[in-house]
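Residue-level listing of the chains:
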Amino acid sequence: MNNGSVIILYVLLTLNALRYGIYILEGHSSSYYITMLSLNLLVIIFTITYRAVKAKKSSEADIAE
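Residues numbered from 1 in each chain as written. Predicted model: local features only at pLDDT ≥ 70, side-chain atom pairs only at ≥ 80, totals over all residues. Heavy atoms only, no water.

(A) Region of the structure containing the UniProt feature "transmembrane region" (unreviewed entry) in the chain. Those residues carrying the UniProt feature "transmembrane region" (unreviewed entry) are residues 7-25 and 31-50 in this numbering. Structurally, residues 7-25 comprises 100% helix and 0% strand, and the distance from its first C-alpha atom to its last is 27 Å. Measuring from the first to the last C-alpha atom of residues 31-50 gives 28 Å, for a span that is 100% helix and 0% strand. (UniProt positions renumbered as here; feature names shortened; annotations may be inferred. Helix = DSSP H or I, 4+ residues; strand = E, 2+ residues; numbered from the N terminus.)

Have a look at this one:
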């Protein structure tokens, strides 16, 4: 993924997480909203860690050359 699409992904995931978080804070705490908030947060964390590991591997490969 290039940086532009990753930024768009982060923006959309953050907006969705905020939306579901607001629904929960307003008192609509159904299992759907809790599940969707959890999934959005997990995907944000996964993409951040994936990109960090990928960047570390690429920098290690550059140093090895």
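What follows picks up the thread again.
(B) Local environment of the side chain of Asn 40. Looking at the element boundaries, Asn 40 is found in helix α2 (residues 31-64). Of note is the side chain of Asn 40, whose polar atom sits 2.8 Å from the backbone oxygen of Met 36. Sequence-distant contacts of Asn 40, defined by excluding residues within four places in its chain, comprise Leu 13, Asn 16, Ala 17 and Tyr 20. (Polar contact = N/O pair within 3.5 Å; in protein donor to acceptor, adjacent residues only side chain to side chain. Contact = heavy atoms within 4.5 Å.)

(C) Quick peek at the side chain of Thr 47. Within the fold, Thr 47 resides in helix α2. Take Thr 47: its relative accessible area is 13%, and that puts it in the buried class. (Buried < 20%, exposed > 50% of the residue type's maximum accessible area, 1.4 Å probe, protein only.)

(D) Just the environment of Thr 14, in detail. Along the chain, the position of Thr 14 falls in helix α1 (residues 3-25). Overall, Thr 14 belongs to the partly exposed group, its relative accessible area being 37%. Taking the C-alpha atoms as reference, Thr 14 lies 25 Å from Lys 56; in sequence the two are 42 residues apart.

(E) View of a nonpolar patch on the surface. On the surface, Ile 7, Val 11, Leu 15, Leu 18 and Ile 22 cluster together to form a nonpolar patch covering roughly 470 Å² of accessible area. Topologically, Val 11 is positioned in helix α1. You can call Val 11 partly exposed: its relative accessible area is 44%. (Patch = residues over 30% accessible without salt bridge, like charges linked within 9 Å, V, L, I, M, F, W, Y side chains within 5 Å. Areas by Shrake-Rupley, 256 points an atom, 1.4 Å probe, with all protein chains shown as cover. Salt bridge = Lys/Arg side-chain N within 4 Å of Asp/Glu carboxyl O.)

(F) Focus on the environment of Leu 9. Relative to the helices and strands, Leu 9 is located in helix α1. Judged by its relative accessible area of 26%, Leu 9 is partly exposed. In sequence terms Leu 9 and Ile 44 are 35 residues apart; their C-alpha atoms lie 8.8 Å from each other.

(G) Structural context of the environment of Tyr 50. Tracing the sequence through the fold places Tyr 50 in helix α2. Sequence spacing of Tyr 50 and Asn 40 is ten residues, and the spatial spacing of their C-alpha atoms is 15 Å.

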